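Next come the chains, spelled out residue by residue.
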Amino acid sequence: MSFFDVAEAAVAAALDAGARYADARVMHKRYESMEARNGEVEELNSDESAGIGVRALVGSSWGFYAVPDLSDSAARLAGARATAIAKASARVAGPGVDLVPTTVSTATWASECLIDPLAVPLSDKGDLLTHATKTMVEHGADQATGVYQVWDTRKWFVSSEGHRIDQHVRECGAGIQATSIGEGETQVRSYPAARGQYGTRGWELVQGLDLLAHAPRLAEESRALLTAPLCPSGETALILGSEQLFLQIHESVGHAIELDRILGWEAAFAGTSWLDLSQLGSLRYGSELMNVTIDPTLPGALGSFGFDDEGTPAAKRYAVKDGIWVGVLAGRDSAALAGLDYGGSVRADGWSRLPMVRMTNVGLEPGPHTLEQIIAETDDGVFMDHNRSWSIDDKRLNFQFGCEIAYEVKNGKKGRMLRNPTYTGIGPKFWQSMDMLSSETENWGTPNCGKGQPTQVGHTGHPCAPARFQNVRVGVRA
Amino acid sequence: MNVSVTAEQVLELAVRALPGAEIDVTADAVHRALTRFANSRIHQNVAEDTVSVRLRAHLDGRTVSTTTTLTSPEGLTSLVARTAAAVRSAPRDPGWPGLAPAAPLALPGTVDEATRDASPDDRAARVQAFVEAAGGLETAGYCQTGHWSGVYRNSAGQALSAQATTAELDGIARDAGADGVARRSSVRLSDLDGAAQGARAAAKARSQADPVELPPGRYEVVLEPEAVADLLTNFSLFGFNAKAVQERRSFARLGEAQFDEAISLYDDPREPFDGEGTPRTRLALVEKGVTTALAHDRRTAAAAGAASTGHGGSAAWGPMPNNLGFAPGSSSPEEMISRIERGLLITDLWYTRVLDPRTLALTGLTRNGVWLIEGGEVTRPVRNMRFTQLYPQALGPGAVLGVSAEAVPQPSRQFLGAWTAPALHLASWNITGNASG
């Protein structure tokens, strides 16, 4: 019995029990991670998980049930239970649920992977992290950590509309971090990103990072930060490196354009959005330099796939075009409710979780400048990079970020290092102040986006380049 | 699925495959069901039955931890083979603290059969009561029930098993863009009163018409239990974690009067043992303002020359107490408010993130209701504000002006975690921004 057969049995059972639509995902997932600290391996995990999740629609109510048993009988039971749960939902029912049409596909898709990360010897991977963290300690770090993570996911999706799609997605990435501890504070430097850099690629991604080459610099910068002057407080021109800017995009654009938030489906937990659907197509989100795309087709980016978890083929679309809000991240039911004609952004983090609207690759298209030009054309400002803290309100408007490092910019030159840099603002005001944007794009990927109840962890990509923003409040402190 | 049999099978297979290795096994069966509502309808309604087995092996100075959800004979054999292959090529682990010795449970797990067996209709009934009690206001939230059955076995002879249940009801009511909240956790679904929580959330929402905006500054505050839960979350993650202390990333210092004498803090676990097979018991972390203990796993305990307190989980994150609570005081929120000349009543905190773990400096926002207190009375609603605050400082000597007699169990994001949170009256809270920026 193939995994498609298992999924089809579950869908058939859901329909037999009274569902008007059902889909099922069989998933087999392998995960490996290693964490090292100060030259020693601290934790090595190797996980394997498999099961089936079934979604059933009865009237206007959904039900979902998951079980880690891939027998025919278990799949049929899961389908029936999903329908029973949907029927219970009808006790507190709402308006009808429709699904926007999508191409019914029979297809196979796989991400590109040159070096299978799970085939690389553990000893080689351990040597990489232990050497990098030992080097950081030798160069002055009080605490030095390194991590890699690997996901190898296979999915078989079947729907009552006729979808039959299998996908094989391999993701991996790594990062290192140096911490220096002073009397009353800690200073941190990370490479390549605060939580590492990840993509839908093989171990060649990690090899390309050259972690060891950056280890001495991180340690030295973290120590230097302890005695650097504080980032001044006030309003100034703010230049963001792309590592920080990707999280700014994630938090203040990516989440804000999630249609489930806009419709109030996340109101009690993740929150809503300041965006109002009646303004889709007319609202000015940012300056004319702001072009944000939703693009799960980007080769190697962390948020890429062939089909989302409702079977909708991956496709690129604009979320913001020339500064105007024009698109959302949607699923088939949320799109129908909003009167839109596209889904394509629904995923679950495992077989036991309900697929929901998630970011794919939400990125800022490159601009006409270079970082060198941006600094050269800034008389008075601050350059910040590498995220250290992030906080934003439940409407995705009021944000405050802290960065690991900053530099004074005076008369077109990058000057002295500054410690404890923070900045705060209101989303649309901030994005409308963007007056210079670099062309030097990097495909950042972050594997730790939390959303939903029970909480799911999403993997998202954010291509972007450094940019400048005017009149930003910096230097907020306790 | 009999998880005891599964754990025993895996231990036997692993001992045979890895002669001389130190082996431990956990097997957990979890039923978790969550009924979620928004726009006053159930929009997501999920349930899962999962079984997971974790096998940890230490051989020739190397350690590996593996898990699987494949519990067929082939799946378990594959788990052992994968572990055996990995441990021989794993990097060295000089900090291995050894296996937990045989010791009996100190606490029973608390199982409520009605909660264990709760149906989708039982959860929907709680949701329906919440929605109806909100009196026509838009509502959103969730009702969750869960049951855990866990087993620990190791090659040193330790053998433990227990069960526990959990139930949570968390919802908001919305009135013209203002949200009121009511949130509660228990081991029994029957403790959760949908109508009472819906009415509280609605009353909170209705009392926020025409909010004013206040300037940043330091305000005397009353934090309601939902907000206090955030303090407990961050003390768990970053404060009383012995690994963070040993790495000098925490503010906590044993024996020092770091808090106001009105503050006593304890961990009261719902799971009777941890992932390393150490039995848990109630742990007093702060007594009358003095830091008296830290949460330890076997690694941090070995490094400190102490005993594990049963908080083993992730070696990288370190030991975290997931069932923290402040000991209740003698006041009430109404009495606290009556003593404030000018201050704020804050229901909830949101999206708090650490700026520096050593000082536990955090930034975040208020959510689900803020009101201005003037002359001992709540006078008007206030728009949400951003704060940037050193959490230990907010509870420091002389800073705590009252602790309520009632402590309300609050949901945490851990499956069997919960915070026991009274309301707190604090002398100062650092507001650093408002809705305008």
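This structure is a prediction, so every number in the text was calculated from the model and none was measured.

Some thoughts on the overall build of chain B
Thinking step 1. For chain B, the count of helices and strands is 10 helices and 17 strands.
Thinking step 2. Scaling as 2.2 N^0.38, a compact globule of 437 residues should have a C-alpha radius of gyration of about 22 Å, and chain B matches this with 23 Å.
Thinking step 3. Seen through its C-alpha atoms, chain B measures out along the principal axes to roughly 75 × 50 × 35 Å.
Thinking step 4. When contacts within chain B are restricted to residue pairs at least 6 apart in sequence, long-range pairs at least 24 apart make up 72% of them.
Thinking step 5. For chain B, the computed accessible surface area is about 14,700 Å², with 50% contributed by carbon and sulfur atoms.
Thinking step 6. The positive charge centre, built from 41 side chains, and the negative charge centre, built from 48, are 6 Å apart in chain B.

Quick notes on the domain arrangement of chain B
Residues and elements named next belong to chain B.
Thinking step 1. Taken domain by domain, chain B consists of domain 1 (3-197) and domain 2 (210-433).
Thinking step 2. Contact with domain 1, which involves 48 residues of that partner, is made by 30 residues of domain 2.
Thinking step 3. Linking domain 1 to domain 2 there are 3 salt bridges.
Thinking step 4. A salt bridge links arginine 56 to glutamate 276; its shortest N-O distance comes to 4.0 Å.
Thinking step 5. Put simply, domain 1 and domain 2 have 13 residue pairs in polar contact (both at pLDDT 80 or more) between them.
Thinking step 6. Residues that form the side of domain 1 that touches domain 2 fall into these classes: 23 nonpolar, 16 polar and 9 charged.

Some thoughts on the packing of aromatic side chains
Thinking step 1. This model, assessed by the stated rule, comprises 26 aromatic pairs over all chains.
Thinking step 2. Here the aromatic rings of A:Phe246 and A:Trp444 are separated by 5.9 Å at their centres, their planes lie at 20°, and the arrangement is stacked. Within this pair, whereas A:Phe246 is found in helix α6 (residues 242-254), its partner A:Trp444 is found in strand β21 (residues 442-451), the two being separated by 198 residues in sequence. For the pair shown, A:Phe246 and A:Trp444 are each scored as buried.
Thinking step 3. Grouping aromatic residues by their ring pairs yields a cluster made of A:Phe399, A:Phe401, A:Tyr423, A:Phe430, A:Trp431 and A:Phe469.
Thinking step 4. When the ring centre of B:Trp350 is taken as reference, the NZ or CZ atom of B:Arg367 above it lies at 4.3 Å.

Remarks on the nonpolar core
Thinking step 1. A:Ile257, A:Tyr285, A:Leu364, A:Met384, A:Tyr423 and A:Trp431 are the most contacted members of the largest nonpolar core, which has 60 residues in total.
Thinking step 2. Of the residues forming this core, the biggest block, 5 residues, is contributed by α6(A).
Thinking step 3. A:Met136, A:Tyr191, B:Leu76 and B:Leu79 belong to the second-largest nonpolar core, a separate cluster that totals 51 residues.

Details of unusual backbone geometry
All names here are of chain A.
Thinking step 1. Of note, the bond from tyrosine 191 into proline 192 is cis; its omega dihedral lies within 30 degrees of zero at -5°.
Thinking step 2. The topology assignment puts proline 192 in the loop between β7 (186-191) and β8 (197-199).
Thinking step 3. With omega at -5°, the peptide bond leading from glutamine 453 into proline 454 counts as cis.
Thinking step 4. If you trace the backbone, proline 454 turns up in the loop between β21 and β22 (456-464).
Thinking step 5. One non-glycine residue, aspartate 210, lies in positive phi territory at about 50°.
Thinking step 6. For aspartate 210, the location among the structural elements is in the loop between α4 (204-209) and α5 (211-226).
Thinking step 7. Taking relative accessible area as the criterion, aspartate 210 reaches 43% and is therefore assigned partly exposed.
Thinking step 8. A positive phi is found at asparagine 420, a non-glycine position, where the angle reads about 50°.
Thinking step 9. For asparagine 420, the position within the fold is in the loop between β18 (413-418) and β19 (422-426).
Thinking step 10. A relative accessible area of 25% means that asparagine 420 is categorised as partly exposed.

The rules we used
- Residues numbered from 1 in each chain as written.
- Chains lettered and ligands numbered in written order.
- Predicted model: local features only at pLDDT ≥ 70, side-chain atom pairs only at ≥ 80, totals over all residues.
- Heavy atoms only, no water.
- Helix = DSSP H or I, 4+ residues; strand = E, 2+ residues; numbered from the N terminus.
- Rg over C-alpha atoms; globule rule 2.2 N^0.38 Å.
- Contact = heavy atoms within 4.5 Å.
- Areas by Shrake-Rupley, 256 points an atom, 1.4 Å probe, with all protein chains shown as cover.
- Lys, Arg positive; Asp, Glu negative; His and termini not counted.
- Charge placed at Lys NZ, Arg CZ, Asp CG, Glu CD.
- Domains from an automatic or database assignment.
- Salt bridge = Lys/Arg side-chain N within 4 Å of Asp/Glu carboxyl O.
- Polar contact = N/O pair within 3.5 Å; in protein donor to acceptor, adjacent residues only side chain to side chain.
- Nonpolar A, V, L, I, M, F, W, Y, C, P; charged D, E, K, R; others polar.
- Phe/Tyr/Trp six-rings, centres within 6.5 Å; stacked < 30°, edge-to-face > 60°.
- Buried < 20%, exposed > 50% of the residue type's maximum accessible area, 1.4 Å probe, protein only.
- Lys NZ or Arg CZ within 6 Å of the ring centre and 35° of its normal.
- Core = buried A, V, L, I, M, F, W, Y, C linked by side-chain atoms within 4.5 Å.

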